[in-house]
There are 2 protein chains.
Amino acid sequence: MTASRRTRLSPQARREQLLELGVRMLSHRTLDELSVEEIAEQAGISRGLLFHYFRNKQEFHRAVVQRAADDLIETTAPDFTLPPLPRLFRSLERYVDYVQANQHAYISLVRGAASGDQSLREIFDATRAVLTARITDNVDMFGLSDGPAVRLMARGWSAMVEEAVLAWVQDPQPEHCRLSKDELLRMLTAALPAVLQTTG
Amino acid sequence: MTASRRTRLSPQARREQLLELGVRMLSHRTLDELSVEEIAEQAGISRGLLFHYFRNKQEFHRAVVQRAADDLIETTAPDFTLPPLPRLFRSLERYVDYVQANQHAYISLVRGAASGDQSLREIFDATRAVLTARITDNVDMFGLSDGPAVRLMARGWSAMVEEAVLAWVQDPQPEHCRLSKDELLRMLTAALPAVLQTTG
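Residues numbered from 1 in each chain as written. Chains lettered and ligands numbered in written order. Predicted model: local features only at pLDDT ≥ 70, side-chain atom pairs only at ≥ 80, totals over all residues. Heavy atoms only, no water.

For chain A, the count of helices and strands is ten helices and zero strands. When the helices and strands of chain A are read in sequence order from the N terminus, they spell out α-α-α-α-α-α-α-α-α-α. With respect to the principal axes defined by its C-alpha atoms, chain A has extents near 60 × 40 × 35 Å. Of all intrachain contacts in chain A linking residues separated by at least 6 positions in sequence, the fraction that spans at least 24 positions is 65%. Surface accessibility of chain A: about 9700 Å² in total, with carbon and sulfur atoms responsible for 50%. Both charge centroids of chain A, one from 24 positive and one from 26 negative side chains, sit 6 Å from each other. (Helix = DSSP H or I, 4+ residues; strand = E, 2+ residues; numbered from the N terminus. Contact = heavy atoms within 4.5 Å. Areas by Shrake-Rupley, 256 points an atom, 1.4 Å probe, with all protein chains shown as cover. Lys, Arg positive; Asp, Glu negative; His and termini not counted. Charge placed at Lys NZ, Arg CZ, Asp CG, Glu CD.)

Attention now goes to the relation of the copies chain B and chain A. Superposing chain B onto chain A takes a rotation of 180° combined with a translation of 0.0 Å along the rotation axis, leaving an RMSD of 0.0 Å. A rotation of that kind, with that shift, is consistent with a two-fold axis. Both copies present the same face, since 100% of the interface residues in chain B are matched by interface residues at the equivalent positions in chain A. (Least-squares fit on C-alpha atoms with pLDDT ≥ 70 in both.)

In this section: the interface of chain B and chain A. On the chain A side, the residues contacting the 30 residues of chain B number 30 residues. By the criterion of area lost to chain A, the three top residues of chain B are B:Leu152, B:Met160 and B:Glu163, representing 23% of everything that side buries. A:Glu163 is the salt-bridge partner of B:Arg128, the closest N and O atoms lying 2.6 Å from each other. Applying the counting rule to chain B against chain A returns six residue pairs in polar contact (both at pLDDT 80 or more). Counting residues per element, the ones that place at least two in the side of chain B that touches chain A are helix H7 (103–114), helix H9 (148–170) and helix H10 (181–197) of chain B. At 13 residues, the largest contribution of residues to the side of chain B that touches chain A is made by H9(B). Grouping the constituent residues of the side of chain B that touches chain A by class yields 19 nonpolar, five polar and six charged. (Buried area = accessible area lost by both parts, 1.4 Å probe. Salt bridge = Lys/Arg side-chain N within 4 Å of Asp/Glu carboxyl O. Polar contact = N/O pair within 3.5 Å; in protein donor to acceptor, adjacent residues only side chain to side chain. Nonpolar A, V, L, I, M, F, W, Y, C, P; charged D, E, K, R; others polar.)

The next point concerns the environment of A:Ala191. With respect to the element layout, A:Ala191 can be found in helix H10 (residues 181–197). Ignoring sequence-local partners within four residues, the contact set of A:Ala191 consists of A:Trp157, A:Met160, B:Met153 and B:Thr198.

In this structure, A:Trp157, A:Leu196, B:Phe60, B:Trp157 and B:Leu196 are the most contacted members of the largest nonpolar core, which totals 129 residues. Every residue in contact with B:Phe60, bar those within four places of it in the chain, is listed here: B:Leu18, B:Leu19, B:Gly22, B:Leu34, B:Val36, B:Ile39, B:Leu50 and B:Phe54. (Core = buried A, V, L, I, M, F, W, Y, C linked by side-chain atoms within 4.5 Å. Buried < 20%, exposed > 50% of the residue type's maximum accessible area, 1.4 Å probe, protein only.)

Look at H10(B): 25 Å from first C-alpha to last across 17 residues, which is about the 24 Å you get at 1.5 Å a residue. Its maximal kink placed at B:Ala191, H10(B) deviates by approximately 25°, while the proline B:Pro193 follows within four residues. Every buried residue belonging to H10(B) is among B:Leu184, B:Leu185, B:Met187, B:Leu188, B:Thr189, B:Ala191, B:Leu192, B:Pro193, B:Ala194, B:Val195 and B:Leu196, and all of these are buried. Where H10(B) is buried, its residues touch helix H9 (148–170) and H10 of chain A together with helix H6 (84–101), helix H8 (118–136) and H9 of chain B. (Expected span 1.5 Å × (residues − 1). Bend = angle between axes of the 7 residues up to and from the residue.)

Residue and element names in this part refer to chain B. With their axes 10 Å apart at the nearest point, helix H2 (residues 11–26) and helix H3 (residues 36–43) run at an angle of 125° to one another. Put simply, H2 runs oblique to H3. For the crossing formed where H2 meets H3, the hand is right-handed. Residue-level inspection shows Arg14, Gln17, Leu18, Leu21, Gly22 and Met25 of H2 in contact with H3, the latter providing Glu38, Ile39, Gln42 and Ala43. Residue composition of the contact of H2 with H3, grouped by class: five nonpolar, three polar and two charged. (Axes fitted to C-alpha atoms, helices over the stretch in contact; angles between N-to-C directions. Parallel < 35°, antiparallel > 145°, perpendicular 65-115°, else oblique. Left-handed = near helix turned anticlockwise from the far one by under 90°.)

This is the structure:
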């Protein structure tokens, strides 16, 4: 009997534990490889009990991707004690750190956007809406005001960040041949005001 | 007997015809809705004969997406008689026109990028590589030289264009409330040198 097998958790704590194990498994496996059996085993519960918390495998997968999205939103929360550009740099830094530590969870989130799975798509859209609103709600810091043009370009910048960060993280070259993380962050930070200025 | 049923085509011409019918069907339907039966009927041939040209439904789907990608590359070919920024504006204009006219074909291409389907992914990657090389091969026009930073940001800009154009095309607002196409093109054109300058 493992320690966890002996532990009695409240339903809420058990649900949390299963989601955390799911996100952890997604750091090194794809969503398709996320095994409900292994998660149940790691939690020291039966497969049947897992399905007491999540109706089926799809629902568990979606809940894990939602948790990954929530983690990403939380970890990149802007630090309003910093001036605008250092604040953006810091959020991007935590974003890159998150993607590095949770590659497959992040890819599942981004792939969900393009997949036929409507609920994964909704998680992605809602996540990007939160991240983009952080920009459009604060464009006055760049001397601009919110509107359709600013919204479209903020959304475009977000897509650029997703693409560039994923390309950087997945770059197969050895670290000393790659662009430094600092350089990546500096460029993406500078790109936001540059892109938003095109709306003026 | 329809006219096309009576027509004898060379194998090459028949293959072309089937691909063109496929791309046309993808202008208003998703890849999943692309019906091999209907395509065969429109071409006036049997389903069996279609499978003489394409081994199975998947192979036909991939060939249609590849054709859509080839069309996109061809229609956006830079006009080197124009100066750099008008040349970029003109390519982007044809890109937006293509996406408007072939929405589902374009979405299938972009979704293929994120899908688990390895061959759709390869079509997308190869297409984006061609489009991005048009930028990186000509960055001297912005007073820059090719390198990892320029490549990463050119790739990021491509993702921005994909996102912004798709968002603009799918915007449910009536046309007079939307950003004008000219404004969209102007911003995306200006965004390229702006984004590339961050590498300096």
